[in-house]
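The primary structure of each chain is shown beneath.
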Amino acid sequence: MRCLLFFDFDGTLTPIVARPSLAKLGKDKLELLKNLAKIPAVTIAIISGRKLTTLKEKINIPGSYYVGNHGFEISGPKTNFVHPKAKEAKPLFKKILLELKKGLRGIKGIIIEDKGATLSLHYRCVEGPKVAEVKRIFNKLAESWPKSKIKITEGKKVFEIRPKVKWDKGEAVRWLLKHLGFQKGDCPIYIGDDTTDEDAFKVLASKGVTIKVGPLKNSLAQKSLKDIEAVYKFLETLLLEISAKSC
Ligand SMILES: [Mg+2]
């Protein structure tokens, strides 16, 4: 039996911070993940909305897989995948980026994250009264964007814009299970905290264990862990159990 451990990054392995660039994994926590990855029967994949290169800079676990841009980019041992639709949509995303920069110019606290094939507009640093204005401007701009080509989702104080293609964290998980030769009896575990993780919870509903960080309300996950600390407690127990069984 193999254990495939899928983790979201922000809000699951690291606390959500005011500036995404400042998110950092503590040394002990990284060590715990590395120890899990050292077990031959364990494979780790980090699945995030972040740009692949940024994700790899933030968390470096030898032998692991990294899924960036909500699944549009996947990298790992002998693995380099970019979804063709992501390549195709680049010019459109360049245009949207310029419109967002222009439209939201002057609003303090806005962070526009250019991830190549996808874009994120973070407003967690915007002062309360200004948030409604950000949303109004964003929705106004979005009216002119081709609905047939892009998909907009709203997460925790962030708008995410992605190419419109049936491809998400769930599809990336499906791709990885196939790529890694997942077999009946293997145990995939997915831990995530945000709306974009729901696609993965759905894909793994009958195949593995799905865990939401935070309240289970409105989630497709089977179980929940209270917070990030509880995630690491769970991983410590898992490490002990798997090591004992040498699974
Ligand atoms: Mg998250």
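Residues numbered from 1 in each chain as written. Predicted model: local features only at pLDDT ≥ 70, side-chain atom pairs only at ≥ 80, totals over all residues. Heavy atoms only, no water.

As a further point, take the domain arrangement of the chain. Under the domain assignment used here, the chain contains domain 1 (3-83 + 167-245) and domain 2 (86-163). Once you take the C-alpha centre of each, domain 1 and domain 2 turn out to be 26 Å apart. Taken residue by residue, the interface counts 19 residues in domain 1 and 17 residues in domain 2. Both faces considered, domain 1 and domain 2 share a buried interface measuring about 1600 Å² in area, 54% of it formed by carbon and sulfur atoms. Sorting the residues of domain 1 by area buried against domain 2 places Pro20, His70 and Phe72 first, and these three jointly supply 29% of that buried surface. On inspection of domain 1 and its partner domain 2, the count reaches one salt bridge. Across the pair lysine 156 and aspartate 193 runs a salt bridge, and its minimum N-O distance is 2.9 Å. The interface formed by domain 1 and domain 2 holds eight residue pairs in polar contact (both at pLDDT 80 or more) in total. Among the residues forming the side of domain 1 that touches domain 2, the class breakdown is seven nonpolar, six polar and six charged. (Domains from an automatic or database assignment. Contact = heavy atoms within 4.5 Å. Buried area = accessible area lost by both parts, 1.4 Å probe. Salt bridge = Lys/Arg side-chain N within 4 Å of Asp/Glu carboxyl O. Polar contact = N/O pair within 3.5 Å; in protein donor to acceptor, adjacent residues only side chain to side chain. Nonpolar A, V, L, I, M, F, W, Y, C, P; charged D, E, K, R; others polar.)

Let's shift gears to the nonpolar core. Membership of the largest hydrophobic core comes to 34 residues, with the highest contact counts inside it found for Leu13, Leu33, Ile44, Ile46 and Ile59. Every element with two or more residues in this core is listed here: strand 1 (3-7), helix 1 (27-38), strand 2 (42-47), helix 2 (52-58), strand 10 (187-192), strand 11 (209-213) and helix 8 (228-245). No other element matches the eight residues that helix 8 contributes to this core. Not counting residues up to four positions away in its chain, the partners in contact with isoleucine 46 are Phe7, Phe9, Leu13, Leu55, Ile59, Ile61, Tyr65, Tyr66 and Val67. Counting 24 residues, the second largest nonpolar core, distinct from the first, contains Phe6, Val67, Phe81 and Tyr190. (Core = buried A, V, L, I, M, F, W, Y, C linked by side-chain atoms within 4.5 Å. Buried < 20%, exposed > 50% of the residue type's maximum accessible area, 1.4 Å probe, protein only. Helix = DSSP H or I, 4+ residues; strand = E, 2+ residues; numbered from the N terminus.)

The next point concerns helix 6 (residues 169-179). All of the buried residues in helix 6 are Lys169, Gly170, Glu171, Ala172, Val173, Leu176 and Leu177. Looking at the buried positions of helix 6, the neighbouring elements they touch are strand 1, strand 2, strand 3 (65-68), strand 4 (73-76), strand 10 and helix 7 (198-203). The distance from a side-chain oxygen at the start of helix 6 to the backbone nitrogen of glycine 170 is 2.9 Å, and the residue carrying that oxygen is aspartate 168. Backbone geometry just after helix 6 places glycine 181 at a positive phi near 70°.

One pass over the full model with this rule turns up 15 salt bridges. A salt bridge links glutamate 171 to arginine 174; the shortest N-O distance between them is 3.4 Å. Separated by three residues within a single helix, glutamate 171 and arginine 174 lie in helix 6, roughly one turn from each other. The closest approach of N and O atoms between lysine 226 and aspartate 227, which form a salt bridge, is 3.7 Å. Owing to a relative accessible area of 71%, lysine 226 belongs among the exposed residues under this scheme. The class of aspartate 227 is partly exposed, set by a relative accessible area of 28%. Put simply, Lys166, Asp168, Glu171 and Arg174 are held in one network by salt bridges that share partners.

With that out of the way, let us pick up the pairing of strand 2. Across the six residues that make up strand 2, a large majority, six, are buried. Side chains Val42, Ile44 and Ile46 project from strand 2 onto one buried face, and the interleaved Thr43, Ala45 and Ile47 project onto a second face that is buried too. In the sheet, strand 1 pairs with strand 2 via five bridges, with the strands oriented parallel. Bridge pairing in strand 2 links phenylalanine 7 to isoleucine 46. With helix 1 bridging strand 1 and the parallel strand 2, this β-α-β connection has right-handed handedness. (Pairing = 2+ DSSP bridges. Right-handed = clockwise from strand over helix to strand, strands pointing away.)

Let's shift gears to helix 1. The end-to-end C-alpha separation of helix 1 is 16 Å, in line with the 16 Å expected for 12 residues at 1.5 Å each. Among the residues of helix 1, those classed as buried are Leu30, Leu32, Leu33, Leu36 and Ala37. Seen along its axis, helix 1 keeps its buried residues to an arc of 155°; they face one direction. Looking at helix 1, the residues exposed on the side facing more than 90 degrees away from the buried face are Lys27, Asp28 and Lys38. Residues of helix 1 that are buried make contact with strand 1, strand 2 and helix 8. (Expected span 1.5 Å × (residues − 1). Arc of directions from axis to C-beta.)

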